[in-house]
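Report on the structure
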Amino acid sequence: MAVTLPPGLPREALRKDAARNGLTRSRAAGRILRTATAAALAVWFVLPLVPLGLWVFADRWSYPAPLPQHWGLENVDSALSRGAATGFAGSLALGLAVSALATPLGVLAARSLAFHPSRWSALFSALLFAPLALPAFVTVFGLNVLLVRLQVPSSAGVVLVLTAYALPYTTYVMRLAFGAHDLGFEEEACTLGATRGQVFLRVQLPLIAPALARAAFLAFLVGWSDYLVTVLIGGGSLVTVPLLVASAAAGTGNDGIVAVLSLIALAPPLALLLFAGMTGRRRPGARP
Amino acid sequence: MFLPETEVLITRSRPKPRVPGALLAVPAIVIVAFVVVGGSAMVTAQSLGLMPLVGRPELSTAAYTAHGGDLLVGGGLSLAIAGTSTLLACLIGFMAALIMMQGRWCGKLVAAMSSLSIPLPHIVGAAATGLLLADSGLLARVFGTAERWPPLVGGPWWAAVIFEYAWKESAFVGLVLAGTLATRSVDYEETAALLGAGRLGRLRHVLLPLSLPALMTSGTIAFIYSFGSYEVAWLLGRPYPEPLPVMALRLYNSVTLTSRPEAAAVAVVTAAVSLCAVLMALAFLRKIPLWR
């Protein structure tokens, strides 16, 4: 953007003036409006989590009382006795398995789409993003017959279907990363005598590491938060936290247990996010 | 002059790939094709009576006409729920993105709060919505309107279902939009402001057009998700009329012999509507100059 300055007016004066008079900054009324909107939005995003936070510690909270009458940790015990630990382990295993499969496959697919365009590329991208356009229960209705006939174990079937549903995300994230990726670095390393393994470990991996972490996290979330595929294909052999939440929430009087299970469902991804945010900020120079 | 060393360098600088580049995508393609193509082919075959549980396969559309009326009502209901919640999610998400983009503490606050709901499974969101909006929920307790509390959960307007989708998807839309706007809007906005555009002018002529492609894409993803999603409507909805996924799952789990093809027919209809939504969104996106 080129701005023609009037003679005698230094650039700094213009910048300060612009800031004070508000080129894109708001005036007092606008600022109040914006703060109010921000507060309303913060309430909107956090409101549904408030009853969860209260119910976790509510040993007794009978109807008209606006706040729990007895605080305590009885709900945690009840949730544990309903298999919360098993569910947590199942969810974790499912999330990690889907992430471990969908991330490397997404990297390979994205690399193929980014650096090796062919006449198949359009078909490949259409197919890779098709799961986003197809509700999971539709494919699961069809696949259930197929998986039973092929004698695929039900847990493996769940992982397989969820991997297909995670691949659009991992491929998309890695495709964006490879779009900003300079193959010159790899060629340079080869010129300097690096072996394939060295190029992979010292050049490719550090360059794509942040995107790799994002892709792995998204794939983990697909497995972690699934309900329907686990129910329909797993058929109860694989117990995860969403299954426990569903069965507790469908009954009455389980509000405290639902809250504890929900918190269990929220804690690990949130911890991962915080961890990624902290480690990501610690070494800003490492990012491409 | 040609030195032998140079030749060595050239051959070493480009190691021959062990597999052709385009084939790198094959493992991912095989899995997705098995699930998407295999799944849709099998579900279509089931819906057309080609894979009955007992008896001879016979091509028929009986499964589609068996619950014709319910299928139409359910489809309309699903469209209304998904449409309303997507519209709300886009509006709220766009507002959230504008606030996030302005930076400073309120932007950071909104960004942090919205990323809280992203990793939450939908079934947990539905359970939390129940604890908030039911007639014994937190809001009814706080406002103390025991008898006059509207039937938000399981009521005729599907309010709790729409609330849950709008809540989860608005965070998704907001974060996607904020990501898009953060990379390219500042220069354009300052230019427009220097040229004398007011706040509304900048919103209409700069921010809205810039965010339209991302808004369309994230909105379509949100729409298709809420259109084809089961657990929220199952937990917070009412028994009749049923949205398409709830109807499909009830038929799928029912014990009568004819119910599997009928469930498959509902699934095929759901998939067809989703596909139409995607094609419409793509056709619209092609008309936007910013879309590459």
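Keep in mind that what you see is a predicted model, and the values were worked out from it rather than measured. (Residues numbered from 1 in each chain as written. Chains lettered and ligands numbered in written order. Predicted model: local features only at pLDDT ≥ 70, side-chain atom pairs only at ≥ 80, totals over all residues.)

The next thing to look at is the overall build of chain B. Counting secondary structure elements, chain B contains twelve helices and zero strands. Reading chain B from its N end, one meets helices and strands in the order α-α-α-α-α-α-α-α-α-α-α-α. By the compact-globule yardstick of 19 Å for 292 residues, chain B is too spread out, its C-alpha radius of gyration being 25 Å. Taking the principal axes of the C-alpha coordinates as reference, chain B spans close to 85 × 60 × 35 Å. Counting only residues that meet the buried cut, chain B has 46% of its 292 residues in that class. (Helix = DSSP H or I, 4+ residues; strand = E, 2+ residues; numbered from the N terminus. Rg over C-alpha atoms; globule rule 2.2 N^0.38 Å. Buried ≥ 20, exposed ≤ 12 C-beta atoms within 10 Å, placed from the backbone.)

The next subject is the overall build of chain A. Regarding its fold elements, chain A presents 13 helices and two strands. Looking at the 288 residues of chain A, the share that counts as buried comes to 43%. When contacts within chain A are restricted to residue pairs at least 6 apart in sequence, those whose partners lie at least 24 apart make up 73%. (Contact = placed C-beta atoms within 7 Å.)

Attention shifts here to the interface of chain B and chain A. Tallying the contact residues gives 85 residues for chain B and 82 residues for chain A. Top contributing element to the side of chain B that touches chain A by residue count: helix α2 (residues 26-47) of chain B, with 15 residues.

On to unusual backbone geometry. Residue B:Pro241 is bonded to the preceding B:Tyr240 through a cis peptide linkage, with omega at -10°. As for its position among the elements, B:Pro241 is in the loop between α10 (231-236) and α11 (244-252). Positive phi, close to 60°, is recorded for A:Gln151, a residue that is not glycine. Secondary-structure assignment places A:Gln151 in the loop between α7 (136-149) and α8 (154-179). One non-glycine residue, B:Trp158, lies in positive phi territory at about 55°. Relative to the helices and strands, B:Trp158 resides in the loop between α7 (138-143) and α8 (159-194).

Moving on to the nonpolar core. In terms of nonpolar packing, the biggest core is built from 173 residues, with A:Val98, A:Phe137, A:Val161, A:Val245, A:Leu261, B:Val32 and B:Ala267 touching the most fellow members. Setting aside anything within four residues of it in sequence, one finds A:Leu261 in contact with A:Ala79, A:Ala84, A:Val241, A:Leu244, A:Val245 and A:Ala248. (Core = buried A, V, L, I, M, F, W, Y, C linked by C-beta atoms within 7 Å.)

All names here are of chain A. Taking 1.5 Å as the rise per residue, helix α2 (residues 28-46) with 19 residues should run 27 Å; its terminal C-alpha atoms sit 27 Å apart, in good agreement. Listed as buried for α2 are Ala38, Leu41, Trp44 and Phe45. The arc that holds the buried residues of α2, viewed along the axis, is 120°, so those residues lie on one side. Among the exposed residues of α2, those oriented more than 90 degrees off its buried face are Ala28, Ala29, Ile32, Ala36 and Val43. (Expected span 1.5 Å × (residues − 1). Arc of directions from axis to C-beta.)

If you check UniProt for "domain: ABC transmembrane type-1" (unreviewed entry), the listed places come out as residues 88-276 of chain A in our numbering. Secondary structure within residues 88-276 of chain A divides into 84% helix and 0% strand; the distance between the first and last C-alpha atoms comes to 21 Å. (UniProt positions renumbered as here; feature names shortened; annotations may be inferred.)

Attention now goes to α11(B). By the criterion of burial, α11(B) is predominantly enclosed, with seven of the nine residues buried. Among the residues of α11(B), those classed as buried are B:Leu244, B:Pro245, B:Val246, B:Met247, B:Ala248, B:Leu249 and B:Leu251.

Our focus in this paragraph is the environment of B:Leu249. You can see B:Leu249 is positioned in helix α11. Taking the C-alpha atoms as reference points, B:Leu249 and B:Leu24, 225 residues apart in sequence, are found 37 Å from one another. Those residues in contact with B:Leu249 that lie beyond four places of it in its chain are A:Phe137 and B:Tyr230.

Mapped onto the elements, A:Leu221 comes out in helix α10 (residues 196-224). Not counting chain neighbours up to four residues away, the residues in contact with A:Leu221 comprise A:Pro269 and B:Pro119.

What follows is about the confidence of the model for chain A. Residues and elements named next belong to chain A. The share of residues in chain A with pLDDT of 70 or more is 87%, and the mean pLDDT across the chain is 85. Confidence scores differ between elements of chain A, with helix α1 (residues 11-21) showing the lowest mean pLDDT of 44 and helix α5 (residues 84-115) the highest of 95. Every residue in residues 1-21 is under pLDDT 50, and counting partners more than four places away or in other chains gives eight contacts. (pLDDT = per-residue confidence, 0-100.)

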